[in-house]
Amino acid sequence: MANDESQPGLDAPAGGFVQLLTPDGERVDSVTTAEGVTYSVDFTDDEYRELYKDLVTVRRLDAEATALQRQGELGIWASLLGQEAAQVGSGRALRPQDMAFPTYREHGVLYTRGIDPIMPFGLFRGVDQGGWDPNEFKFNTYTIVIGSQTLHATGYAMGITMDGKTGSPEGEAVIAYFGDGATSQGEVNESFVWSGVFNAPIVFFCQNNQYAISEPLERQTRIPLYRRAAGYGFPGVRIDGNDVLATFAVTRAALDNARNGQGPTLIEAYTYRMGAHTSSDDPTRYRIASEVESWKAKDPISRLKAFLTKQQLADDTFFGEVDESARKLALDLRERVLAMPDPQPVTMFDNVYPNGSPEVDAQRQQFADYQASFEGSGH
Amino acid sequence: MVEKITLGKALNHGLRRSLESDSKVVIMGEDVGKLGGVFRITDGLQKDFGEDRVIDTPLAEAGIVGTAVGLAIRGYRPVCEIQFDGFVFPAYNQIVAQVAKMYFRSLGNVRLPIVIRIPYGGGIGAVEHHSESPEAYFAHTPGLKVVTCSNPADAYVMIQQAIASDDPIVFFEPKRRYWEKGDVDLDAGLAGAYPLHASRVVREGSDATVIAYGPMVRVALDAAAAAEEDGRSLEVIDLRTLSPLDLGPVYDSVRRTGRAVVVHEAPGNLGMGSEIAARITEECFYSLEAPVLRVTGYDTPYPAARVEEEYLPDLDRVLDAVDRSFGW
Ligand SMILES: Cc1ncc(C[n+]2csc(CCOP(=O)(O)OP(=O)(O)O)c2C)c(N)n1
C-alpha cells in the first residue's frame, strides 16, 4: 500500500519510502504517498542546525559509551550508531505531553526527552535499573524483554482516550519503539490488535535496522513490515530512517492523527545498525563488509551536513563548535560515569513492594545483621 | 446488612463496591461485559458502569495484562480477569517480568496497582486447563503478592482490599467454592477489616495443626469435624496470603500442637507445602513431634475429570496424614 508513488532515494527498498533529504543532502520538498497523504517539513534555519546538533551529540555520547564498555566500565552497551536520525527525528516530533515507551536502544529518544544522558548508564554499568522518573519525563523505563512495552504503550493510550484527552490538537499521544525482530513477537501483534480495536492514540515506531542480533529481516517477515498494519486496520508508512526530516514529518503527522482521534499508525523506519547488536556481539559472523559500506553512504549525519553546507546554513566554524560541545558533553559524561558509586547492597531490598512486605523486611534485617557481623572483625 | 450469599456473589458485590468507590477502577477481560464472565462474577457490572469501566477485551491474555500495565501507569487501577487458571500462561511474561518488576525497575517511581483475578483449582469436572493450581509460580516471584480466599465473607472484603492496594496482586479464586454460601456483612467498610496479608485460625484445636488455603480450607474443616468424633482436636489455619506468607499464627499453633499437616491441590513438588514445611522446621524444630507432612495433588498434569476425586486431597487423605503424624 503506502509509498509506491513516493520518490525513492538511492537504493531505496522495493516499494520506496518517504524521503525528504537524499543521501547527497538534496532537500525533497514534499512526498505524496499512494494514499494521497503529503509529508513535508518547514523548519527554520535554526531548527535545521539544532537537529544537526542533536544528531552529532547523540552519536558522540554513544561513541563514548562504546569506548567505556571496551574499557570495562560498562557491563554491556546497546549502540544506536546509524539510527540517530530515526531516534532524533521521532523524538523531536513528540510534544511534551506525549508518552514514549522505549526498548533498550533508545538513548537518542531519551536525549530528546530532556533526560540527563547519564541515566541509562546506570543500567549498563550495573549500579541501578536506570534512574529516571518515567512520569516526570514521559519516557518509560527501558524494556529488555522484546516487545512487552508495546502492550504497555497500548494500555496507556487507551487510558488517554478514557481520560478524554483525544480529539483535539492539544490531546495526548503515545509512541512505542521496537525493532524488526520484535514484530515477530505475539505481544507486538496483540498490541496491534488492541490498538486497532480500541482506536488507541498510538504510533508504533519500528526501527527496522535489518537485524535481530544475527538474524536478518527475512527471518522475521515475508512482506515489508509497514504493510502489516493493513491487516490490523490502520495505516502503515515506511520512511527513510536515516533521514531525520522524513522521520520527523511522518512521526509528527502520525502523532497528530492519533491525538485527533484517528487511531494508530505503524511507521517502519528503514535504517541500519552500523555497529554490533550489543558490545557482546560479533557482526562479522553474519554480515559482509560491503553491506556496511553501502550504508555508510546513507549516513544520517553527513547528509544533513551536506544540506546545511549547500544551503549555506552552516560553515566550518559551526560544525567545529558542534563537535566541540559534543566532545565536552561526552567527557563530562565519562567523568561522571567513572565516578558512579556502586549501590549500597542493602538497596536491593528497596522498591520491591509499594506497601512493603514482612518477608522482605525480615530478610533486609538479616542481611544488615550479617553485614554488621563483619564490621570491626578485621576483614 | 448481613446476607447469606455465595462466594461468587460476594466477589461480584466486592467488585461493584470498588467500581463505585474509585472511578479509576476498571475491570478487563474476556467476556466480562455482557456475559458477566464465564462464572458470572462480573454479572451486571458493565450494564451499570459502562463499557469503559468493564471492558470486554480481545482474546489475548498477554494483551489483557500488558495493557493493564499501561493503564496503571496512566493512573488507572485495572482488575484483570483471566478466564481459567490454565490460560494465564500467555500472560505469564507480562506478570512476572513486567507487573512484578516495574516498581523495582523504576526505583519506586511507577506503581502498578493491578489485580489479576484467576479462578483456580479443580473439583468441577472440567476438561484440561480448567482445574489447575498455578499459585506457586507466582508466589515464587518477588514483586507480586498472591492471595486467595476461601469463604464468601473473606471474598467480599479481600477483593476490595486487593483493588485498593498499590501492590500488584494475583488474586486466586477457588472456583469450586463459587457456589457455597456464607454470611457476608455487605455494609462493612474496609477500615478495621481483617488485614489482607494475614492468615487466620479458622478452627481451634490442640492435637495437630492443619494448614490450608483456598478450596482446601473446607476440606480441612470437614476433616477436623470428623477427627473430633474420633477424639482428636485439629487446629485449622486458613493461610489467605501466599506471598507474603503469614506464618506467625502457624508457628504459634505448631509450638502448641507439635504436629503440622499442609494441604493443597497443586502438585507437591516444590509447591507451597514445601516452603511451609521448611519454614516450620526452621522455626519450630524443637516443638515438632513428627515431620511436617504434606497432602497435595500428585506430580502429574491435572488428570481427566473422572479421576479428579482421587487426585484431589480429600477428607480421608487429610485424616490419614494426621494419623501418620501421630504414628511417628
Ligand atoms: C523475549 C526476548 N527474547 C530474546 C531476547 C534476546 N534478544 C535481545 S535483543 C534481540 C534482538 C532484537 O532485535 P530487534 O527487535 O530487531 O531490535 P534491535 O536490537 O535490532 O534494535 C534478542 C533476540 C530478548 N531480549 N527478549
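Preceding block: the structure.
Residues numbered from 1 in each chain as written. Chains lettered and ligands numbered in written order. Predicted model: local features only at pLDDT ≥ 70, side-chain atom pairs only at ≥ 80, totals over all residues. Heavy atoms only, no water.

(A) Representation of the overall build of chain B in the model. Check the secondary structure of chain B and you find 12 helices and 14 strands. Considering only intrachain contacts with a sequence separation of at least 6, the fraction spanning at least 24 residues in chain B is 81%. About 12,100 Å² of surface is accessible on chain B, with carbon and sulfur atoms providing 50% of the total. If you average the places of the 33 positive and of the 47 negative side-chain charges in chain B, the two averages end up 4 Å apart. (Helix = DSSP H or I, 4+ residues; strand = E, 2+ residues; numbered from the N terminus. Contact = heavy atoms within 4.5 Å. Areas by Shrake-Rupley, 256 points an atom, 1.4 Å probe, with all protein chains shown as cover. Lys, Arg positive; Asp, Glu negative; His and termini not counted. Charge placed at Lys NZ, Arg CZ, Asp CG, Glu CD.)

(B) Representation of the environment of G126 of chain A in the model. Note on placement: G126 of chain A falls in the loop between α4 (119-125) and α5 (134-137). Under the relative-accessibility criterion, G126 of chain A is labelled exposed at 56%. (Buried < 20%, exposed > 50% of the residue type's maximum accessible area, 1.4 Å probe, protein only.)

(C) Structural detail: the environment of A78 of chain A. Residues and elements named next belong to chain A. Inspection of the secondary structure assignment puts A78 in the loop between α1 (45-70) and α2 (84-93). The buried category is assigned to A78, whose relative accessible area is 2%. Sequence-wise, A78 and E26 are 52 residues apart; in three dimensions their C-alpha atoms are separated by 31 Å. Residue contacts for A78: discarding those within four places in its chain leaves D62, Y104, R105, H107, F124, H277 and T278.

(D) Spotlight on the layout of surface pockets. There is about 1,000 Å³ of room inside the largest pocket. Lining the largest pocket are 35 residues, and of these E359 and Q363 of chain A together with A139, E275 and R279 of chain B sit closest to its centre. Counted by class, the lining of the largest pocket contains 18 nonpolar, 10 polar and 7 charged residues. (1 Å grid on protein atoms, 1.4 Å probe; cavity = no way out; pocket = protein on both sides within 12 Å on 5 of 7 lines; lining within 4 Å. Points joined across faces, edges and corners; volume = space filled by probe spheres on them. Nonpolar A, V, L, I, M, F, W, Y, C, P; charged D, E, K, R; others polar.)

(E) The arrangement of the pattern of salt bridges in detail. In this structure the tally under the stated criterion is 45 salt bridges over all chains. Among the salt bridges present, the one from D48 of chain B reaches R16 of chain B, with a minimum N-O distance of 2.8 Å. Here the residue D48 of chain B occupies a position in helix α2 (residues 45-49), and R16 of chain B occupies one in helix α1 (residues 7-21), the gap between them amounting to 32 residues. If you follow the salt bridges from partner to partner, you end up with K138, D163 and E172 of chain A together with K24 and R74 of chain B in one network. (Salt bridge = Lys/Arg side-chain N within 4 Å of Asp/Glu carboxyl O.)

(F) Quick look at the site of the ligand. All names here are of chain A. Near the ligand there are 15 residues, and of these Y104, R105, I144, G181 and Y211 occur at the shortest range. Between the ligand and I144, the relevant distance is 2.9 Å, taken from a nitrogen atom to a main-chain nitrogen or oxygen of the residue. A182 has a polar backbone atom sitting 2.9 Å from an oxygen atom of the ligand. Here the ligand loses 70% of its free accessible area of 580 Å² to cover by the protein chains. Looking at the shell around the ligand, its residues break down into 8 nonpolar, 5 polar and 2 charged. (Near = heavy atom within 4 Å. Polar contact = N/O pair within 3.5 Å; in protein donor to acceptor, adjacent residues only side chain to side chain.)

(G) Expanded view of empty space enclosed by the protein. All names here are of chain A. On inspection of all chains with the given rule, the structure shows 2 cavities of 30 Å³ or more. Roughly 80 Å³ of internal volume is contained in the largest cavity. In terms of lining, the largest cavity is formed by V58, L61, D62, W77, H107, G108, Y111, P117 and F121. Where the lining of the largest cavity is concerned, the elements lending two or more residues are α1 and α3 (107-112). Of the residues that constitute the lining of the largest cavity, the class distribution is 6 nonpolar, 2 polar and 1 charged.

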